[in-house]
Amino acid sequence: MRTIRINRNSDLRLPHSVRSYIDGCAHEFSETDEWTKIAHIAYRIKRGANLLPSFMEDIERHMADPAYHDYENTAKQSIASYIELLRIDENYVLTMELAESNSFPKLFQLLTEEILYRYWENINDGKVECHFDDVHYDYDEIASRYADVTTARRDFIKYISTSQEHTPQH
């Protein structure tokens with residue numbers, strides 16, 4: 001289990017610019033560690049905040065500038081890396097595949113599902129202890145389910161682009 005302490009806040013906007021959560025090339029991106037960023041997002045999602053429009057507005061604004069032509073891909077890779085971190089805690093094995101195979105809104109929805117599956121909190125003295133249960137994906141085991149299929153790689157990527165691993169298998 002991972003625990004991150006953040007300040008309690010009634011404002012459901014993120015405490016840093018959206019860019020600091022999704023632009024790995026920006027200096028402000030490295031000012032906050034990944035787990036704290038995930039905790040900031042989780043705290044707000046748990047309270048019903050719809051953060052996607054803020055992220056989309058930032059992406060669209062940057063993409064309007066030719067210097068940021070790859071900004072959406074950078075943003076998708078950041079969100080995919082958060083998903084990977086939640087799933088397996090350190091090895092970013094499939095971040096590129098997740099980012100390339102999904103739209104930003106779909107990745108953000110997947111991040112939301114991954115967060116909600118693991119996240120719980122305690123509030124003490126104006127601080128929030130954000131807890132993330134360890135729920136790891138065994139990518140090798142999942143891939144073995146598709147070993148005899150001609151579309152194995154595509155089917156595997158489609159599967160890990162969902163949160164189906166959390167739902168009980170019948």
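So, how was this worked out
- Residues numbered from 1 in each chain as written.
- Predicted model: local features only at pLDDT ≥ 70, side-chain atom pairs only at ≥ 80, totals over all residues.
- Heavy atoms only, no water.
- Salt bridge = Lys/Arg side-chain N within 4 Å of Asp/Glu carboxyl O.
- Buried < 20%, exposed > 50% of the residue type's maximum accessible area, 1.4 Å probe, protein only.
- Axes fitted to C-alpha atoms, helices over the stretch in contact; angles between N-to-C directions.
- Helix = DSSP H or I, 4+ residues; strand = E, 2+ residues; numbered from the N terminus.
- Contact = heavy atoms within 4.5 Å.
- Nonpolar A, V, L, I, M, F, W, Y, C, P; charged D, E, K, R; others polar.
- Expected span 1.5 Å × (residues − 1).
- Polar contact = N/O pair within 3.5 Å; in protein donor to acceptor, adjacent residues only side chain to side chain.

Draft legend 1. Summary view of the pattern of salt bridges. In total, this model carries twelve salt bridges according to the counting rule given. Two residues, Arg13 and Asp11, come together in a salt bridge whose shortest N-O distance is 2.8 Å. A relative accessible area of 61% means that Arg13 is categorised as exposed. Using a relative accessible area of 28% as the deciding quantity, one classes Asp11 as partly exposed.

Draft legend 2. Region of the structure containing the packing of helix H3 (residues 52-63) against helix H4 (residues 71-88). Look at H3 against H4: their axes get within 9 Å of each other, and the N-to-C directions meet at 150°. In this structure, H3 uses Asp58, Ile59, His62 and Met63 to contact H4, whose residues at the interface are Tyr71, Glu72 and Ala75. Among the residues forming the contact of H3 with H4, the class breakdown is four nonpolar, one polar and two charged.

Draft legend 3. Helix H6 (residues 104-118), seen in detail. A rise of 1.5 Å per residue sets the reference length of H6, with its 15 residues, at 21 Å; its end C-alpha atoms lie 21 Å apart and thus fit the reference within 8%. Looking at H6, one finds that the buried residues are Phe104, Leu107, Phe108, Leu110, Leu111, Thr112, Glu114, Ile115 and Arg118. You can read the cap of H6 off the contacts: a side-chain oxygen lies 3.2 Å from the backbone nitrogen of Lys106, and it is on Ser103.

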